[in-house]
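Structural overview for review
One-letter residues, chain by chain:
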Amino acid sequence: MRIAIWGLGNHAINNIAPALKKTPNLDLAGIFTRNQSIRNKCSKDFNCKTWNDHSEMLEDSDIDIVYCSTPPALHHQMGLEVISAGKHFWCEKPMTMSLEESKSLVEISDKADLTIAEGFMYLYHPQLITLKDQLNKYALEDIKYINIVFTLPNSNNIGFRNNLDLGGSTLLDIGTYNISLALEIFNQKTPEILYKKIKKDESSKVDVSGFATLNFNHDSICDLFWGMGFGYRNEVNILTTSSSLYANKIFSKKEDYQANILLKDKYGEENYIECKHANHFVNMFTHFRSLIDNKKEAKYEKERIIQLAKITQDIKAD
């Protein structure tokens, strides 16, 4: 299957395109961005075609899939255009800016018999798979408390993150990781939101940090904290009735990072489980490719997109 990348920021150039070049059964056949010099350079660097306009890309019969790597506020309209052109639509998180927009993409993709997929790469790393395998040894009601933190320091290159019109939002950009992990641990069950607080920048009106407390199974509390302008944290801590589990860099890590899971028994005795090295972007695209041939998994991916959009919107609501 031949895929094109729509949008060529640093993330697409440094992570997405190289991963697609390594993914079996996918051919990075084209790239497009409005910046002519960047698209010409990337076309040469990645040995693929480009176009003068995005409509030419969408009309190109050589392209089966489009991966959208643009600011969040553009995702919905791009998705509509990609699916209407008869191509599978895979996209950076968040899929869209709202539950309503995500539902519309699911509906039209269902009618067109096309896949859509949301780019949470961490879901496909051996570290998360190992963590879930360990948690499967417990009943869900034995998971009593979870703390998930994802924070980033301020950067000189914040791109769209400080622009409300382009979808700037730490909830959508960072907090959706926290929410998606909580939902993944509890098998996509709908939580009760006990508390939420979102802080906005006074000048830009962009939310810069947030906190939420979720209640699963009437007895499992999950605290989420996310934001920009803090020391870097990227971790999950889980307390069960008989042990605790901790994973550092659960969301984002380099391919050569030695990931592990720290287990503590009820007395605090420590044991580490080392996880395999992996390029989680390659794993993600391998999974996305399988959705085209696996209707059940393709349907589940759409259900996961809707559930995340729903809980995110509930936390965002005033």
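Structure's up top.
Below is a short write-up of the structure. These numbers come from a predicted model, not from an experiment.

This part is about the sheet that holds strand β1 (residues 2–6). Taken in spatial order, the six strands line up as β3-β2-β1-β4-β5-β6 in an open sheet, and their pairing is parallel. Edge strands, defined here as strands with exactly one partner in the open sheet, are β3 (49–50) and β6 (116–118). Note: β1 against strand β4 (residues 65–68), four bridges, orientation parallel. Each residue of the ladder has a partner; that of W6, found in β4, is C68.

Moving on to the nonpolar core. In terms of nonpolar packing, the biggest core is built from 68 residues, with W90 and F285 touching the most fellow members. Examining the composition of this core, we find that eight residues originate from one element, helix α7 (residues 170–185), more than from any other. For F285, the contacting residues outside a window of four places in its chain are I16, A19, L20, T23, L26, Y67 and W90.

This paragraph deals with the pairing of β1. Burial analysis of β1 places four of its five residues in the buried class, which makes it a mostly covered element. Sheet topology places β1 next to strand β2 (residues 27–32); five bridges connect them, and they run parallel. From the neighbouring strand, I5 faces β2, where its bridge partner is I31. In this fold, the crossover linking β1 to β2 by way of helix α1 (residues 10–22) has right-handed handedness.

Two packed helices can be described by the angle between their axes and the distance between those axes. Following both chains from N to C, one finds helix α8 (residues 280–291) and helix α9 (residues 295–316) inclined at 115°, their axes separated by 7 Å at the closest point. Contacts between α8 and α9 involve H287, F288 and L291 from the former and K295, E297, A298 and E301 from the latter.

Our next topic: the packing of aromatic side chains. Evaluated as defined, the whole model comprises 15 aromatic pairs. Between Y124 and F288, the aromatic rings sit 6.1 Å apart at their centres with planes inclined by 80°, giving edge-to-face as the arrangement. In this pair, Y124 sits in the loop between β6 and α6 (126–135) while F288 sits in helix α8, placing the two residues 164 residues apart along the sequence. The buried category is assigned to F288, whose relative accessible area is 0%. Taking 5.3 Å as the distance between ring centres and 80° as the angle between the ring planes, the aromatic pair formed by F150 and Y177 counts as edge-to-face. One end of the pair, F150, is in strand β7 (residues 143–152); the other, Y177, is in helix α7, with 27 residues separating them in the sequence. Grouping residues by exposure puts F150 and Y177 together as buried.

Definitions and cut-offs
- The written sequence of each chain sets the order in which its residues are numbered from 1.
- Owing to the predicted nature of the model, reporting of local features is limited to residues with pLDDT of at least 70; listing and counting of side-chain atom pairs is limited to 80 or more, with chain, interface and lining totals taken over all residues.
- With hydrogens and water excluded, all non-hydrogen atoms of the structure serve as input to the side-chain values.
- For two strands to be treated as a pair, DSSP must find at least two bridges joining them.
- Helix and strand labels come from DSSP, where a helix needs a run of H or I of at least four residues and a strand needs a run of E of at least two; each type is numbered from the N terminus.
- Nine residue types can take part in a nonpolar core, namely buried Ala, Val, Leu, Ile, Met, Phe, Trp, Tyr and Cys, and a core is a set of them joined through side-chain atoms within 4.5 Å.
- Burial classes follow relative accessibility: with a 1.4 Å probe on protein chains only, a residue under 20% of its type's maximum area counts as buried, one over 50% as exposed, and anything between as partly exposed.
- What makes two residues a contact is simply this: any of their non-hydrogen atoms within 4.5 Å.
- Looking down the strands as they point away from the viewer, one classifies a crossover as right-handed if the path from the first strand across the helix to the second runs clockwise.
- Only the stretch in contact is used when a helix axis is fitted, and all axes are lines through C-alpha atoms; the angle between N-to-C directions ranges over 0 to 180 degrees.
- Pairs were defined over the aromatic rings of Phe, Tyr and Trp, the Trp ring being its six-membered one, requiring ring centres within 6.5 Å. Orientation was assigned from the angle between planes: stacked under 30 degrees, edge-to-face over 60, tilted for the rest.

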